[in-house]
Every structure is written in structure tokens, then in C-alpha cells.
Amino acid sequence: AAETVVALALTRLTGTGAILGLSLGFGVCAALLQPGLGAIVPQLAGRTGVTRANGYLQAATWGGFTVGPLLAGVLTAAGGTGLALGAVAAVYGLGAIGLRALPLATGPAGLAGIPAGRDAHDLDNPAGSLGRQVSAGLRFLRADREAGLLVLVVAVMVAFGNLASVAEVAFAEGV
């Protein structure tokens, strides 16, 4: 839902500051969404299907990263950036509704993959504030060095891999 608001704001606001701020908002939203999707996988797939379901989730995510810039180019060519960002807002809005409709467990039982004593309740407490949930996640990453290192390495790889998004625009304009 927050990504819907960010996309709609991008269709209306101009200027470097607004665009950089809203782009940061997209990044923060994605950083919160992806772990949430990962937490949903065990609930939907069951214990025996987690590996396969995580593979599907990753394939869908990275497939979207591949198709997204192409679709953005088509929509931008057809109706400008407002059309492309409006489509983004619509899809995120529908996605929020779809995720809300999933039959998910609440409470610690929904996060069977998180070791006991690792703030599992805080991570899955729908009544807890977003700040409290993020704080619990950061405490978990500090306590589990391997998980923290994995998150750091992947975050750096994805950040530098996404540099291509800016380079692709300059390349396309030049061509």
C-alpha cells in the first residue's frame, strides 16, 4: 500500500529532491516487502515445500526485474512516465489487496523457521509497530552473524547490480 502511494506521488511531483526522496521510499518499501514475502512462503508451502517455493519466489522476483524495465519502456513510449508510474501504483494496490487476502497464520507459529528466542514473536506481531518489527529484525541479524553477513553481501550485490538501471536509461537515450 505504501508503494502505491509512492508511485502515485511520483506521477504528480517533479524536481530532483522529490524524485530522490520518493525513490528512497520505494527502496525502503521493497526492503520491508521482500522479507515479508519470505516469511509468507513457509506458511503457504508447508515445511516440505519451502525450498521449492523460495525458488519460485526468487524466480518471480528476478524475472520481474528483467521484464520491468522493458514494460516501463513500452508504457513510457505509449503515454509518458505518468502512465508507467500509474501502472506501478495500480499493480502495487492490487498486490496489497491480494496479499491481505492470503490465509496467513498470526503469532509465533507462523514463523516456524525462526529459532526460538530470536524475537520471532516481535517479527510476526501484527499489533506491533513497524519500527518495533524492524528493530526486532535488526537485533536478529546482529545476533546471527551468518544471517547478517548474508543480508549484507546480498544487499551490496543487488545495490550494485541495480546501478544498471541508471546506466540503461543513459544508454537508451544515447541510442
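Small disclaimer: the values here were computed from a predicted structure and weren't measured. (Residues numbered from 1 in each chain as written. Predicted model: local features only at pLDDT ≥ 70, side-chain atom pairs only at ≥ 80, totals over all residues. Heavy atoms only, no water.)

Focus: the environment of Asn54
Put simply, the rule is: A run of H or I in DSSP counts as a helix once it spans at least four residues, and a run of E counts as a strand once it spans at least two, with each numbered from the N terminus. Only protein chains enter the accessibility calculation, which uses a 1.4 Å probe; a residue whose area is less than 20% of its type maximum is buried, one above 50% is exposed, and one in between is partly exposed.
With respect to the element layout, Asn54 can be found in helix α3 (residues 50–79). Classification of Asn54 as partly exposed rests on a relative accessible area of 29%. Through-space distance from the C-alpha of Asn54 to that of Gly38 is 7.3 Å; in sequence the pair is 16 residues apart.

Quick notes on the side chain of Glu3
This is how it is decided: For the charge count, each Lys or Arg is scored as positive and each Asp or Glu as negative, with His and the chain ends excluded. Between Lys or Arg on one side and Asp or Glu on the other, a salt bridge is scored when a side-chain nitrogen of the former is within 4 Å of a carboxyl oxygen of the latter. Contacts between residues were defined by any pair of non-hydrogen atoms, one from each residue, lying within 4.5 Å.
Secondary-structure assignment places Glu3 in helix α1 (residues 2–12). Of the side chains with opposite charge, Arg100 comes closest to the buried, unpaired Glu3, at an N-O distance of 15 Å. In this structure, Glu3 is in contact with Phe26, Cys29, Ala30, Leu33 and Tyr92, ignoring residues within four places of it in sequence.

Examining the packing of aromatic side chains
Worth spelling out the cut-off: The criterion for an aromatic pair is that two Phe, Tyr or Trp rings (for Trp, the six-membered ring) have centres within 6.5 Å, with stacked assigned to planes under 30 degrees apart, edge-to-face to planes over 60 apart and tilted to the rest.
In total, this model carries two aromatic pairs according to the counting rule given. Seen in terms of ring centroids, Phe26 and Tyr92 are 6.1 Å apart; in terms of plane orientation they differ by 40°. Their pairing is tilted. Placement of the pair is Phe26 in helix α2 (residues 16–45) and Tyr92 in helix α4 (residues 81–101), with a sequence separation of 66 residues. The exposure class assigned to Phe26 is buried, which follows from its relative accessible area of 18%.

Quick word on the environment of Leu94
Relative to the elements of secondary structure, Leu94 occurs in helix α4. Along the sequence, Leu94 and Thr4 sit 90 residues apart, while their C-alpha atoms lie 9.2 Å from each other.

Observations concerning a nonpolar patch on the surface
Applicable threshold: Patches in this entry comprise residues that are over 30% relatively accessible and not in a salt bridge; like charges within 9 Å are linked, as are nonpolar side chains (Val, Leu, Ile, Met, Phe, Trp, Tyr) within 5 Å. Note on areas: these come from Shrake-Rupley sampling with a 1.4 Å probe, and a residue is covered only by the protein chains present in the view.
The grouping of Leu24, Val28, Leu32, Leu130, Val134 and Leu138 at the surface amounts to a nonpolar patch, some 520 Å² of accessible area in total. The residue Leu130 is located in helix α6 (residues 130–143) in this model. On the accessibility criterion, Leu130 (52% relative accessible area) is exposed.

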